[in-house]
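Single-letter residue listing:
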Amino acid sequence: MGRVRLSVLDQSPISAGSTGPDALRNTLDLARLADELGYHRYWVAEHHGGAMLAGPAPEVLIGPIAAATEQIRVGSGGVMLPHYSPLKVAEAFSLLAGLYPGRIDLGLGRASGTDPMTQYALQRDRRQAAPDDFFEQLVELLGHLDGTLPADHPFARHAATLPGRPESPEPWLLGSSPQSAIWAAQLGLPYAFADFINRDGAPIATDYQRRFEPGVRDAAPRTAVATWALAADTEQEAWELTASSRMAMAMLRRGRLIPIPPVDQSLRFLKSQNEDLRSARRVTAGTPEQVRAGVETLAQQYGADEVIVVTITHDHGARRRSYELLAEAFGLSASLPRAA
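Since the model is a prediction, treat every value here as computed from it, not as a measurement.

(A) Representation of the overall build of the protein within the structure. Across its full length, the protein holds 11 helices and nine strands. Relative to the 2.2 N^0.38 estimate, which gives 20 Å for 340 residues, the radius of gyration of the protein is 20 Å and therefore close to what a compact globule would have. A principal-axis box enclosing the C-alpha atoms of the protein has dimensions of 65 × 50 × 40 Å. A total of about 15100 Å² of accessible surface is found on the protein, and carbon and sulfur atoms cover 53% of it.

Now the structure itself:
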C-alpha cells in the first residue's frame, strides 16, 4: 500500500451555547484550514431534525465551501438518496461540477440520516411508506451522470441537459453493511466505509475489493474508510476532548438529540456512567504520533488508500488544532496532488 491520503468528514456540529449559523461558519473556517493544510477532500454530511448537527443539505453547503477553498475536493458524505429524485440530484451536482471542475464528489448513502418521524416529514407523498428502491435510484442517477440510460428510457433525454456538461461529479457509494459493498463492486464505484458506525467492516471492504468489476467505471477498486479521531498535544487532553461527542452520542442512543456539551460536563457524565475515559471502541485519540499510528493501522486493515477523519468536540479551536496536528504528523505539505 502506498501513502495514505487524509481527508475530512464534517458533520457541522452545533456546540452548546452556540447556534446553527455558528456551526456553519465553523464548517467554512475548517474547510479553508483543511485546504491550506493539504487534506485531499472535504465532505459534508446530511442529517435532519436534530439539535446536534447543522448539515441537512450538503448540496447547498458544498458550493460555499468550494468557493472558499482552492484545491481541495469538496463533496457529500453523503446525500441520502432515498429522500430525493435521482434527476434532481444529478442536476444539482452537475451544476456544482460545472462551477468547480475536477473538484466535486457525490457521495451517496442509503440511510435516512434521521429518526422515523422526521423521515416521514421529508417524504413528498405521505399516503404510504416510501419504497425501498435504493439500487434502482442509484442506477438511474448514474445513468443521468454517465449518459448511459437506454435510448428508450423515458428519462434518457435529460442527461444531455445537465447544466454542468461536460463536467461531472465523481460518484462514491457510502456504506456500513455488506450490501453496500456488493453494489459498489457491481457498479464499479469507489467505496467509502463508515468505520465510526461499524467497527467490524474490514471484511466487508475486502469483499468489495474481491468482487469489484473493473472497467465498469474504474479500472480498480478504490477504498476509503471514515473514522472518529482526535489529536491533541498530550494523550490525556485528547481523550478528555473526546468526552463531548461521546456524551452527545450516548444521549442520541437514548432518543435525546442535544448540542455538543462542554468537556467538563461531559467528563462528569462519563464518570456518572462508570465509563472509562479511554474505553471508546470507535475512537482513535492521543498525541499526533499515536493517532497517525492508529489511522495507518486502520487503513491497512481495510486495504484503504484514504482515511476520512471525523472530529467532534465542543471547542472549535480544539477541532482545528486536531486537524493541524494530524496534517503535521502525516506531512501533508508534501502530499500527493489533491484535485487530480
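(B) Spatial organisation of the environment of Ala248. Relative to the helices and strands, Ala248 is located in helix α8 (residues 235-253). For Ala248, a relative accessible area of 0% corresponds to the buried category. For the pair formed by Ala248 and Thr313, sequence separation is 65 residues and the distance between their alpha carbons is 9.7 Å.

(C) Spatial organisation of the nonpolar core. With 65 residues, the main nonpolar core has Leu6, Tyr39, Tyr42 and Leu138 as its most contacted residues. The element that contributes the greatest number of residues to this core is helix α3 (residues 86-99), accounting for six residues. Leu9, Ala192, Ala285 and Ala318 belong to the second largest nonpolar core, which has 35 residues in total.

(D) Representation of the pattern of salt bridges. For the coordinates displayed, the defined rule picks out 19 salt bridges. Notably, a salt bridge pairs Asp22 with Arg25, separated by 2.9 Å at the nearest N-O pair. Here the residue Asp22 and the residue Arg25 both occupy positions in helix α1 (residues 20-37), the gap between them amounting to three residues, near one helical turn. As a salt-bridge pair, Asp207 and Arg210 come within 2.5 Å of each other at their nearest N and O atoms. One end of the pair is Asp207 and the other is Arg210, both in helix α7 (residues 202-211) and three residues apart, which spans about a single turn. A relative accessible area of 18% places Asp207 in the buried class. Among the ionic contacts, a cluster of salt bridges with common partners joins Asp29, Asp233, Arg320, Arg321 and Glu324.

(E) View of the packing of α3 against helix α5 (residues 134-146). Between α3 and α5, the shortest axis-to-axis distance is 9 Å and the interhelical angle comes to 40°. Relative to α5, the element α3 lies oblique. α5 is crossed by α3, and the crossing has right-handed handedness. Where α3 approaches α5, its residues Pro86, Leu87, Val89 and Ala90 are matched on the opposing element by Gln137, Glu140, Leu141, His144 and Leu145. Of the residues in the contact of α3 with α5, the class split is six nonpolar, two polar and one charged.

Reading the values: the criteria
Residues numbered from 1 in each chain as written. Predicted model: local features only at pLDDT ≥ 70, side-chain atom pairs only at ≥ 80, totals over all residues. Heavy atoms only, no water. Helix = DSSP H or I, 4+ residues; strand = E, 2+ residues; numbered from the N terminus. Rg over C-alpha atoms; globule rule 2.2 N^0.38 Å. Areas by Shrake-Rupley, 256 points an atom, 1.4 Å probe, with all protein chains shown as cover. Buried < 20%, exposed > 50% of the residue type's maximum accessible area, 1.4 Å probe, protein only. Core = buried A, V, L, I, M, F, W, Y, C linked by side-chain atoms within 4.5 Å. Salt bridge = Lys/Arg side-chain N within 4 Å of Asp/Glu carboxyl O. Axes fitted to C-alpha atoms, helices over the stretch in contact; angles between N-to-C directions. Parallel < 35°, antiparallel > 145°, perpendicular 65-115°, else oblique. Left-handed = near helix turned anticlockwise from the far one by under 90°. Contact = heavy atoms within 4.5 Å. Nonpolar A, V, L, I, M, F, W, Y, C, P; charged D, E, K, R; others polar.

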